[in-house]
Amino acid sequence: MTELPGVLTTSEEHRAIPELGGGLPLLGHLLQFQRDPVAMLSRGWRELGDLYRFRLGPRQFVLFSGPEAHDAFFSAPEDQLNAKAVYQFTVPIFGRGVAYDVAPSIMDEQLGFLYPALRDAAMQRFARIMFDETSQLADSLGEEGELDLPTAMNELTVKIASRSLIGQEVRDQVDAGFADAYHDLQKGINTLGFFMPRLPTPAHRSRDRARVQVAELFSRIMTARRRADDCPDDFMQSLMDASYSDGRALSDDEITGILLTVLFAGQHTSAVLATWTGLELLRASPYLARVRDETRAVYGEAGSMSLEGLKQQVTMEHAVRECERLHPPLILLIRKVLNPMRYGDYVVPSGSLAMVSPAVSHRLPHLFADPDRFDPDRFAPPAREDKQHHYSLIGFGGGKHRCMGKHFAEMQVKAIWTVLLDRFDFSLETDFPTPNYGSWVTGPVTPCRLRYRRRSQGRVFG
Ligand code: HEM
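The shown structure was predicted, so the numbers you read here are calculated from the model rather than taken from an experiment.

Thresholds applied
Residues numbered from 1 in each chain as written. Predicted model: local features only at pLDDT ≥ 70, side-chain atom pairs only at ≥ 80, totals over all residues. Heavy atoms only, no water. Near = heavy atom within 4 Å. Polar contact = N/O pair within 3.5 Å; in protein donor to acceptor, adjacent residues only side chain to side chain. Helix = DSSP H or I, 4+ residues; strand = E, 2+ residues; numbered from the N terminus. Pairing = 2+ DSSP bridges. Axes fitted to C-alpha atoms, helices over the stretch in contact; angles between N-to-C directions. Contact = heavy atoms within 4.5 Å. Donors = N, O, S within 2.8 Å, 3.2 Å for Na, K, Ca; no water. Patch = residues over 30% accessible without salt bridge, like charges linked within 9 Å, V, L, I, M, F, W, Y side chains within 5 Å. Areas by Shrake-Rupley, 256 points an atom, 1.4 Å probe, with all protein chains shown as cover. Salt bridge = Lys/Arg side-chain N within 4 Å of Asp/Glu carboxyl O. Buried < 20%, exposed > 50% of the residue type's maximum accessible area, 1.4 Å probe, protein only. Expected span 1.5 Å × (residues − 1). Arc of directions from axis to C-beta. Left-handed = near helix turned anticlockwise from the far one by under 90°. Phe/Tyr/Trp six-rings, centres within 6.5 Å; stacked < 30°, edge-to-face > 60°. Lys NZ or Arg CZ within 6 Å of the ring centre and 35° of its normal.

J.: I'm lost on the site of the ligand in this one. Help?
T.: Near the ligand there are 26 residues, and of these Tyr87, Gly266, Arg335, His401 and Cys403 occur at the shortest range. Arginine 335 has a polar side-chain atom sitting 2.7 Å from an oxygen atom of the ligand. Between an oxygen atom of the ligand and a side-chain N or O atom of histidine 401, the distance comes to 2.7 Å. Put simply, the parts of the chain that give the shell around the ligand at least two residues each are helix H5 (104-112), helix H13 (252-282), strand S5 (333-337) and helix H18 (406-423).

Right, here's the structure in full:
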């Protein structure tokens, strides 16, 4: 099926989009969706194929699955499939005048200021930060014990992200209030907030107080930098030095908002991917042994981590990609249909919500052999399953809204598990956890405890 661009004429020319069965009056498919959205949406694909519709309460959704449908979804213009309308719940967190509060062209310009700060030269420094922060965590763990993996990955990635993506001064404040304020901002993302982001609930009031605290903290740091004529090489400084195409410099509040946008986009998602990667590696011992062999081969005895080394770790990289496939942190990407969209013989009506689901599409059996199996070698030659179709792997999105931090996130997960697996043997204390669909970012149900014991031999990083 191919998208036929062009002006729409009369509706009689088009076939009705097939509708998923089993919906209830008024509620539609809401209860099934709340129970297990991925099972419900996968059933829809099996029964109806690449394009079908369903209802959640009064809202009609249309799911696009498979490479051709993804291509149509990701290449639709903003005035047809619109992200801004869907992400309005982020405005109280990121703030006015940035990201989804402004026209897409201005958001592009704002995010564009950050691309230079993600180039290889900066990534060298980030690799050292990732290594250093993970080593500090490893040092703090002692000889043996137990930890809750999602909590540990969350705390670690807050430190890595605040230090590398924002600035050292914010990292220094993580334990002195920043983590709490960030947590209150995160709690502002909830189901009610999705529909009514300004409703004065206790969670929303804490969110708004936290937004003020963060703005004050970031503003103090920027003032101190200007006074000291200090120009560290980080995102905050890139934004302080930037100006819009009309020559206007960014205000402190805009800088705060853009930094929060990046932190929200990149931190929890990375924590969740790191968690799933650890869990999958721990139950695949032969593959885990290959990962450790690769670490030794790349870094030698008493090596030190580098961007070059991380790039050479393809065995580890394939494991991370396989976890992106099996456990994409964002299971749904949604757009509001502003103008009717033609797809093959169908027209997706305006007012409905279009979506793709990485979690559903990544397990389509004609794209990935034995799709429920953890098999990182599917990405190695000769299979290279991710290269067989454009947009078969969409855990980092696609098109104009594709993730700007993909490379950073992959490096981070690789660095974290390279250090932790070098220092410790781990075992999962429970059965392999199921996904928690109650959260915007889909991690495992918690708690999810690991036992660890320091390795006495075969270590590379001291
Ligand atoms: C495992 C970690 C990550 C995952 C799974 C992930 C996934 C995604 C996805 C699926 C999108 C597209 C959203 C959509 O189409 O609606 C996206 C966008 C975005 N990501 Fe990431 N991301 C991750 C890490 C990061 C990091 C580390 C950063 C920052 C360095 C980042 C910054 C962004 C930004 C700013 C956008 C919005 C781009 C736009 O709308 O133009 N992400 N990400």
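J.: Explain the sheet that holds strand S9 (residues 424-428) to me, please; I cannot follow it from the model alone.
T.: Sheet strands pair by backbone hydrogen bonding; their relative direction is either parallel or antiparallel. Spatially, three strands are ordered S4-S10-S9 in an open sheet, and the strand pairing comes out antiparallel. Every interior strand has two partners, whereas the edge strands, strand S4 (144-148) and S9, have only one. Recorded for the sheet is a direction-independent mean angle of 25° between the axes of neighbouring strands. Note: S9 against strand S10 (residues 449-454), five bridges, orientation antiparallel. By the bridge assignment, leucine 428 is partnered in S10 with leucine 450. Most of the contacts of helix H7 (residues 149-166) go to S4, to which it runs at about 80°, and overall it touches S4 and S10.

J.: What is the right way to look at the coordination of the iron atom of the ligand in this model?
T.: Metal coordination angles in their ideal form are 109.5 degrees for the four-donor tetrahedron and 90 or 180 degrees for the six-donor octahedron. Just one protein atom donates to the iron atom of the ligand; it is Cys403 (SG), sitting 2.3 Å from the metal. Its place among the elements puts cysteine 403 in the loop between helix H17 (358-361) and H18.

J.: Help me understand a nonpolar patch on the surface, please; the structure alone is not making it clear to me.
T.: The grouping of Leu192, Phe194, Phe195, Met196, Leu199 and Trp440 at the surface amounts to a nonpolar patch, some 550 Å² of accessible area in total. Here leucine 192 lies in helix H10 (residues 191-195). Since its relative accessible area comes to 41%, leucine 192 is described here as partly exposed.

J.: What's the story with helix H14 (residues 285-299) in this structure? I'm lost.
T.: Owing to its 3.6 residues per turn, the α-helix brings residues three or four apart onto one side. When the terminal C-alpha atoms of H14 are compared, their 21 Å separation across 15 residues agrees well with the 21 Å that a helix rising 1.5 Å per residue should span. Here H14 has its buried residues at Tyr287, Leu288, Val291, Arg292, Glu294, Thr295 and Tyr299. The arc that holds every buried residue of H14, seen down its axis, measures 155°, which confines them to one face. Set apart from the buried face of H14 by more than 90 degrees, the exposed residues are Pro286 and Ala297. Against the buried residues of H14 lie H13, helix H15 (307-312), helix H16 (314-326), H18 and S9. Glycine 300 lies just past H14 and shows a positive phi near 65°.

J.: Would you mind showing me how to read the sheet that holds strand S8 (residues 353-356) here?
T.: Pairing is mixed in the open sheet, where five strands are placed in the order S1-S2-S8-S5-S3. The sheet is open, and its two borders are formed by strand S1 (51-56) and strand S3 (81-82), each paired with just one other strand. As paired elements, strand S2 (residues 59-64) and S8 share four bridges and run parallel to each other. Within S8, the position partnered with phenylalanine 64 by the bridge is valine 356. Contacting S1, S2 and S8, helix H2 (residues 37-48) crosses the sheet at an angle of about 140° to S1. Each of S2, S3, S5 and S8 is contacted by helix H3 (residues 67-75), which is oriented at about 130° to S8, the strand it contacts most.

J.: Explain the packing of helix H6 (residues 120-140) against H7 here, please?
T.: Think of two packed helices as two axes; the pair is described by the angle between the axes and how far apart they sit. The contact between H6 and H7 brings their axes to 10 Å, and the two run at 145°. Regarding H6 and H7, the two cross each other, and that crossing is right-handed. Along its contact with H6, which presents Arg125, Phe126, Ile129, Met130, Asp132, Glu133, Thr134, Gln136 and Leu137, the element H7 presents Leu156, Lys159, Ile160, Arg163 and Ser164.

J.: Looking at this model, I keep getting lost on the packing of aromatic side chains. Mind explaining?
T.: The way to describe two aromatic rings as a pair is by their centre distance and the angle between their planes. Scanning the model with the defined rule gives 25 aromatic pairs in all. When the ring of phenylalanine 74 is compared with that of tyrosine 391, the centres are 5.0 Å apart and the planes differ by 45°; the resulting orientation is tilted. Pair noted here: phenylalanine 74 is in helix H3 and tyrosine 391 is in the loop between H17 and H18, with a separation of 317 residues, a long-range link. Assessed through its relative accessible area of 16%, tyrosine 391 is described here as buried. Measuring from ring centre to ring centre gives 5.3 Å for phenylalanine 424 and tyrosine 452, while their planes differ by 75°; the resulting arrangement is edge-to-face. Of this pair, phenylalanine 424 sits in strand S9 while tyrosine 452 sits in strand S10, and the two are 28 residues apart along the sequence. Here a set of aromatic residues connected by ring pairs shows up, and it is made of Phe64, Phe73, Phe74, Tyr343 and Tyr391. Over the face of the ring belonging to phenylalanine 432 we find arginine 283, whose NZ or CZ atom lies 3.5 Å from the ring centre. One residue, arginine 321, lies across the ring of phenylalanine 379, its end atom 5.8 Å from the ring centre.

No statement about biological role is implied by the geometric values presented.
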